[in-house]
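# An overview of the molecular structure
The lines below spell out each chain.
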Amino acid sequence: MSDSVNPILAADGTPLKKKLGQALFRSRVQAFGLVVPLLAFVIVSFIVPIVVLLWQGIHDSRYAELMPGSTLALSKWDGITEPTEEMYSALVADLIEARKQKTIGKVATRVNRELSGTRSLFTSTARRAARLAAPYKDALVEVNVAWGEIETWQAMKVASRVYTPGYLLAALDFSLSADGTVTRKPENRRIHIKLFLRTLEISVVVTVACLFLGYPIAYLLSSLPLRTSNILLILVLLPFWTSLLVRTTSWIAMLQAQGVMNDLFVAFGITGDDDRFSLIYNKTGTLIAMTHILLPFMILPLYSVMKAIPPSYVRAAKSMGATDWTAFWRVYFPQSVPGIGAGVLLVFILAIGYYITPALVGGQDGQMISNIIDFHMRKSLNWNLAAAIGLVLLVIILALFWIYDRIVGIDNLKLG
Amino acid sequence: MVEVSAVEISGVDKAKERRKTLSDASEKSEFVVFERVQKSYDGETLVVKDLNLTMARGEFLTLLGPSGSGKTTCLMMLAGFETATHGDIFLAGRPINNIPPYKRGIGMVFQNYALFPHMTVGENLSFPLEVRKLGKSEREEKVKKALDMVKMVGFEKRRPAQLSGGQQQRIALARALVFEPELILMDEPLGALDKQLREHMQFEIKHLHERLGITVVYVTHDQSEALTMSDRIAVFNDGVIQQLSNPDDLYERPENAFVAQFIGENNRLKGTIESLNGKIVHVAFDDGCQSKALAVNCGGKGSRTTLSIRPERVALGWDEESNTTRGEVLELTYLGDHIRYRMNVHGNPDFVLRLPNTSGHAELAVGESAKISWKSEDCRALDP
Ligand SMILES: Nc1ncnc2c1ncn2[C@@H]1O[C@H](COP(=O)(O)OP(=O)(O)O)[C@@H](O)[C@H]1O
Ligand SMILES: [Mg+2]
């Protein structure tokens, strides 16, 4: 009895399927109504800013908007041959206009990113542009010989691209030249890849350390009577009661050369008084402080998963002849894997974007990729590069997430 | 197949010696022994008080009692998951207090089955064989045999979550049997099943027990389950064994008021002992009437006692041989094969009388005063 031939009817004569669809539609609309406020908030305050920011990593229209004439001329140029008189005259017209609009500073900054030292070239030439006469090539070269050099024009050509892979390439330590070729930066200027690798390394080490420190504690907590375990759980959560900043700075007091740890090491004769360990303002400091701060994020999901494993499983295993270790490894551990999955993912993702702790206790070699993003956002004001680095970080995280899903399985994850 | 005993699995030579020195007869009748066992979890109250229990090899013994009476605790002490606070437990003549659970070789069926959710049925069953380092072909053979025993062949590849409650129960049973232990402990294994399935499984477990000759300690709070399955029943209350005997003795000859009340339906009448005459006592009820009863567990003249009479042993009408009295019918319930009358007898408004629904049986109406009688042997004078 297929329903296309003989549809089942509801009491009022409408087909049952349609009736069900109507009923479900109403409840769906209601459910959607409940999430609308949050959805609007998330879109406005989170998704839109992120998309706008990341957009800047591949889109930079500053030069093209402020210098439209020379942009057109540059786009016709192949980037290798001598710049033409047409390009020079377009440039002069643009410079005059940019000075009038007081936007020349922005243009200068933009080109300066591609070739340092060109900022003053632009601002000073713009000041005199109105008084120049054709032929503009000779006039400009007279103002500054740099206008005769092809590198200047190549930098302008790169800057004039609206959709540019340049920032992304820079984020990966490559540079883009005017004719579109991509080359690796010289060894001493490759900093981003190194930072990405260090960020991954620190995140992995911190995650593994949290797992090894957190697993036994979560196990202990889950096997204790509820009253005791609740008290201990409060101790685990105690760090959350103080600000992140306070906790991080207290590690400075602990770990610095004249700090508590080193005093103890000296007191126990582990090291000499003038040979103290450097535990802070380096990678060690970052690792120690981050492990401490992220540990609760490992313990909590582990604890909630372990709490739900009935003791009868391990007992059953032992009654069947399994030693304590076998019962743990073959029966208990596999059932705690969803907790490990959740904890590892949580800690790793928090760690990979960590910023304040490395900034405070990381010194030179404890800096992570977020610190360089911060540098470009607040110091060098190169938001485009900051966005490009952020984009690369996002892609790396998504790739790791995909691998994680392949190996562990995202549905094999339980937060409580 | 029962020859791979717990003793051999643990491989303790001393135990084997001990076993040899034990005479065959005593080893057979004293397979499991609890000797003055006490257990306290908090150091303040005793959950198990002075437990003494001896089980023969091949016996089906049920621990029956209300929830919280310490049955699971006893089972856990035997399995090795709880230690006795005081006293000794012997298995096949060896004290096992200091033997870890995995060396005891005792099969267990848990109430929630405790099937490992991350393993298939086949992996669950071969787990105890793997930890015993059996070869692959031998494992497969034994798993198949165990599945065959519980009629679950063909389910090897399923996960426990893909089985119904009854099927999970069978797998749990098979897993406890697969490594051929001599002793199996079951803690309310049928508690989660519906009535029909539960009754069916009761018989299957009983038949497996008979076929394999294993020793079973079974825990339940369901008295009909205990009566159906057991060779002997230990009735627990408050951490003490109230009575340990076979099912018919337990029902027909309860030794104290708790057992009489806990097993089956029971009529209680309170009174004072007037005189003692050998095995027969004269008891005066509070309303002045008297009855003769069998002295089972009562004090001397002048002490209080509780009389226990089964509803089906109360007859309608008067009989010269018996104790006779009158009761006012308060309620009648039609139950098909019999009719249940609730009466007020000697001030007890919950006195129950059961009449078989035979043709031409007497009919009583609510409010009627009926003549009833019972034999002195069916009326047991127990502790107050
Ligand atoms: N692990 C434990 N810790 C503390 N008290 C317990 C524990 N297990 C059982 N008890 C207590 O011991 C008593 C007997 O419990 P149990 O042996 O489980 O009874 P039963 O199985 O007959 O229902 C109960 O009062 C229970 O609260
Ligand atoms: Mg119990």
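Described in the following lines is the structure provided in the data block. Keep in mind it's a predicted model, so treat the numbers as computed, not measured.

Scoring rules and cut-offs
- Residues numbered from 1 in each chain as written.
- Chains lettered and ligands numbered in written order.
- Predicted model: local features only at pLDDT ≥ 70, side-chain atom pairs only at ≥ 80, totals over all residues.
- Helix = DSSP H or I, 4+ residues; strand = E, 2+ residues; numbered from the N terminus.
- Buried ≥ 20, exposed ≤ 12 C-beta atoms within 10 Å, placed from the backbone.
- Contact = placed C-beta atoms within 7 Å.
- Rg over C-alpha atoms; globule rule 2.2 N^0.38 Å.
- Near = placed C-beta within 6 Å.
- Nonpolar A, V, L, I, M, F, W, Y, C, P; charged D, E, K, R; others polar.
- Axes fitted to C-alpha atoms, helices over the stretch in contact; angles between N-to-C directions.

For chain B, the count of helices and strands is 11 helices and 20 strands. For chain B, the spread of C-alpha atoms along the principal axes amounts to about 75 × 45 × 40 Å. A burial count over chain B gives 39% of its 384 residues as buried. Nonlocal contacts in chain B, meaning residues at least 24 apart in sequence, comprise 65% of its contacts between residues at least 6 apart.

With that settled, consider the overall build of chain A. Helix and strand counts for chain A come out as 19 helices and 2 strands. A compact globule built from 416 residues should have a C-alpha radius of gyration of about 22 Å, whereas chain A, at 31 Å, is more than 25% larger. Considered along the principal axes of its C-alpha atoms, chain A spans approximately 100 × 90 × 35 Å. In chain A, which comprises 416 residues, the share counted as buried stands at 33%.

Inspection of the region around ligand 1 gives Tyr 41, Val 47, Gly 65, Ser 67, Gly 68, Ser 69, Gly 70, Lys 71, Thr 72 and Thr 73 of chain B as its neighbouring residues. Taken together, the residues of the shell around ligand 1 break down into 2 nonpolar, 7 polar and 1 charged.

The next thing to look at is unusual backbone geometry. Here the bond from Ala 134 of chain A into Pro 135 of chain A is cis, since omega is -5°, no more than 30 degrees from zero. Within the secondary structure layout, Pro 135 of chain A lies in the loop between α6 (118-129) and α7 (136-143). Notably, Leu 381 of chain A is not glycine yet its phi reads approximately 55°, a positive angle. Note that Leu 381 of chain A resides in the loop between α18 (369-379) and α19 (383-407). On the basis of neighbour counts, which here come to 12 C-beta atoms within 10 Å, the residue Leu 381 of chain A falls in the exposed class. If you check the backbone angles, Lys 151 of chain B has positive phi at about 60° while not being a glycine. Tracing the backbone through its elements, the reader meets Lys 151 of chain B in the loop between α6 (136-149) and α7 (165-177). Take Lys 151 of chain B: there are 12 C-beta atoms within 10 Å of it, and that puts it in the exposed class.

Let us look at the packing of helix α4 (residues 85-101) of chain A against α7 of chain A. Residue and element names in this part refer to chain A. One way to put it is that α4 packs onto α7 with a least axis distance of 8 Å and a crossing angle of 60°. Counted together, Glu 85, Tyr 88, Ser 89 and Val 92 of α4 and Tyr 136, Lys 137 and Leu 140 of α7 form the full contact between these two elements. Class assignment of the residues belonging to the contact of α4 with α7 gives a composition of 4 nonpolar, 1 polar and 2 charged.

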